[in-house]
Amino acid sequence: MESLIQNFFNLEVYAAVFPYLLSGLWTTVWLSALVIPLGAAAGLALALGLTQSGRRAVRWGIVGYIDFFRAFPPLVLLILIYFGGPFLGIELGKVTAVALAFVLNNASYYAEVFRAGLEGVAKGQMEAARSTGLTRAQALRHVVVPQAVKNVLPDLVGNSIEIVKLTSIASVVAMPELLRAARDAQSLVFNPSPVMLAAFMYLLMLWPLTRWLGRLEHRRVRR
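Residues numbered from 1 in each chain as written. Predicted model: local features only at pLDDT ≥ 70, side-chain atom pairs only at ≥ 80, totals over all residues. Heavy atoms only, no water.

Asks: Explanation requested: the overall build of the chain in the structure shown.
Replies: Each helix and strand counted, the chain has ten helices and zero strands in total. Reading the chain from its N terminus to its C terminus gives the helix and strand order α-α-α-α-α-α-α-α-α-α. Principal-axis analysis of the C-alpha atoms gives the chain an extent of 70 × 50 × 25 Å. Counting only residues that meet the buried cut, the chain has 38% of its 223 residues in that class. Within the chain, contacts between residues at least 6 apart in sequence are counted, and of these 76% link residues at least 24 apart. Counting 20 positive and 12 negative side-chain charges, the chain places the centres of these two groups 14 Å from one another. (Helix = DSSP H or I, 4+ residues; strand = E, 2+ residues; numbered from the N terminus. Buried < 20%, exposed > 50% of the residue type's maximum accessible area, 1.4 Å probe, protein only. Contact = heavy atoms within 4.5 Å. Lys, Arg positive; Asp, Glu negative; His and termini not counted. Charge placed at Lys NZ, Arg CZ, Asp CG, Glu CD.)

Asks: I would appreciate a short explanation of the environment of Glu 177 in the present structure.
Replies: Tracing the backbone shows Glu 177 in the loop between helix H8 (153–166) and helix H9 (178–189). Taking the C-alpha atoms as reference points, Glu 177 and Ala 15, separated by 162 residues in sequence, lie 19 Å from one another. Those residues in contact with Glu 177, other than ones at most four positions away along the chain, are Gly 24, Thr 27, Thr 28, Thr 167, Ser 168, Ala 170, Ser 171 and Tyr 202.

Asks: So what exactly am I meant to see when it comes to the nonpolar core here?
Replies: Considering soluble globular proteins, one finds that nonpolar side chains tend to be buried as a cluster. Among the nonpolar cores identified, the biggest contains 41 residues, and Val 98 and Tyr 110 are the most heavily contacted of them. Secondary structure elements with two or more residues in this core: helix H2 (11–52), helix H4 (74–84), helix H5 (94–119), helix H6 (123–131), helix H7 (136–151), H8 and helix H10 (193–222). For this core, the leading source of residues is H5, giving nine residues. Excluding residues that lie within four positions of it along the chain, Val 98 makes contacts with Leu 31, Leu 78, Ala 170, Val 173 and Met 175. (Core = buried A, V, L, I, M, F, W, Y, C linked by side-chain atoms within 4.5 Å.)

Asks: Looking at this model, I keep getting lost on the packing of H5 against H8. Mind explaining?
Replies: Between two packed helices, what matters for the description is the angle formed by their axes and the separation of those axes. H8 packs onto H5 with a crossing angle of 165° between their chain directions and a minimal axis gap of 10 Å. In terms of orientation, H5 lies roughly antiparallel with respect to H8. H5 and H8 meet at a crossing whose hand is right-handed. Residues Phe 102, Asn 105, Asn 106, Tyr 109, Tyr 110, Val 113 and Phe 114 of H5 lie in contact with H8, whose contacting residues are Asp 155, Leu 156, Asn 159, Ser 160, Ile 163 and Leu 166. Residue composition of the contact of H5 with H8, by class: eight nonpolar, four polar and one charged. (Axes fitted to C-alpha atoms, helices over the stretch in contact; angles between N-to-C directions. Parallel < 35°, antiparallel > 145°, perpendicular 65-115°, else oblique. Left-handed = near helix turned anticlockwise from the far one by under 90°. Nonpolar A, V, L, I, M, F, W, Y, C, P; charged D, E, K, R; others polar.)

Asks: What should I look at first to understand a nonpolar patch on the surface in this one?
Replies: Together, Leu 75, Ile 79, Phe 83 and Val 172 line one region of the surface with nonpolar side chains, adding up to about 300 Å² of accessible area. Position of Phe 83 relative to the elements: it lies in helix H4. (Patch = residues over 30% accessible without salt bridge, like charges linked within 9 Å, V, L, I, M, F, W, Y side chains within 5 Å. Areas by Shrake-Rupley, 256 points an atom, 1.4 Å probe, with all protein chains shown as cover. Salt bridge = Lys/Arg side-chain N within 4 Å of Asp/Glu carboxyl O.)

Asks: It is not clear to me how the confidence of the model for the chain should be interpreted in this structure. Could you clarify?
Replies: Parts of the prediction with low pLDDT should not have their coordinates interpreted in detail. Per-residue pLDDT for the chain averages 86, and the proportion of residues at 70 or more is 92%. In the model of the chain, helix H1 (residues 2–8) stands out as the element of lowest mean pLDDT, 51, in contrast to helix H3 (residues 56–71), which has the highest, 94. (pLDDT = per-residue confidence, 0-100.)

Asks: Help me understand the pattern of salt bridges, please; the structure alone is not making it clear to me.
Replies: Pairing is possible between side chains of opposite charge, provided their charged atoms come close. Across all of its chains, the model carries five salt bridges by this definition. Measuring nitrogen to oxygen at the nearest pair gives 3.2 Å for the salt bridge that ties Arg 115 to Glu 112. With Arg 115 and Glu 112 both in helix H5 and three residues apart, the pair spans about one turn of that helix. Given the relative accessible area of 21%, Arg 115 is considered partly exposed. On the basis of relative accessible area, Glu 112 is assigned to the partly exposed category, the value being 22%. Residue Glu 162 pairs with Lys 165 through a salt bridge whose shortest N-O separation is 3.0 Å.

Asks: Please explain the packing of H5 against H7 as it appears in this structure.
Replies: At a minimum axis separation of 8 Å, H5 and H7 run at an interaxial angle of 115°. In terms of orientation, H5 lies roughly perpendicular with respect to H7. In the packing of H5 onto H7, the handedness of the crossing is right-handed. Listed contacts from H7 to Phe 114, Gly 117 and Leu 118 of H5 are Val 144, Val 145, Ala 148, Val 149 and Asn 151. For the contact of H5 with H7, a count of residues per class yields six nonpolar, two polar and no charged.

Okay, structure coming up:
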């Protein structure tokens with residue numbers, strides 16, 4: 001116990017590994033900033049296809065995609081894309097492989113969130129928008145989709161927080177995000193201090209978002 005406490009409060013170790021972890025934190029931030037918008041855009045496209053398409057084959061194809069990738073472990077998906085791709089003659093860089101795996105996985109979750117939002121918008125909104133002379137695409141863009149996003153904003157924020165935490169699996173392909181940096185630093189100082197510091201950095205980064213999420217959920221319950 002005494003040794004654990006000494007490791008936890010070893011400021012010299014923290015000072016030595018902090019630059020490594022700061023670099024890893026930056027990788028986590030820009031990776032999240034890359035995959036969250038891509039996943040959200042793909043999810044919105046899937047949700048629009050699911051709710052607006054008149055073709056049953058299209059809807060069933062989207063449902064199959066969503067069910068498959070929601071059930072498929074994202075870690076296994078990343079390993080298959082990065083390490084299995086070369087066997088098929090497809091070699092992807094680390095960033096491309098991670099981004100592809102994350103977008104394929106997260107689009108399925110965003111699609112369900114957006115679908116719920118779109119179905120929660122009254123059908124009269126589309127009819128009212130069309131009556132003003134807007135095309136169907138314009139009505140979706142300017143009237144229906146903004147209302148749908150507002151309806152499910154807490155779910156979108158919650159899903160995005162989960163994606164930030166999920167970026168830690170990028171360490172399996174040696175991408176230097178925060179967890180990877182902490183583990184590399186741990187091998188240099190031979191104590192768990194870097195991992196503890198990384199956990200604290202995750203907490204500082206995500207705490208404001210979780211508080212904002214709590215307020216959004218509380219506001220939705222009160223409506």
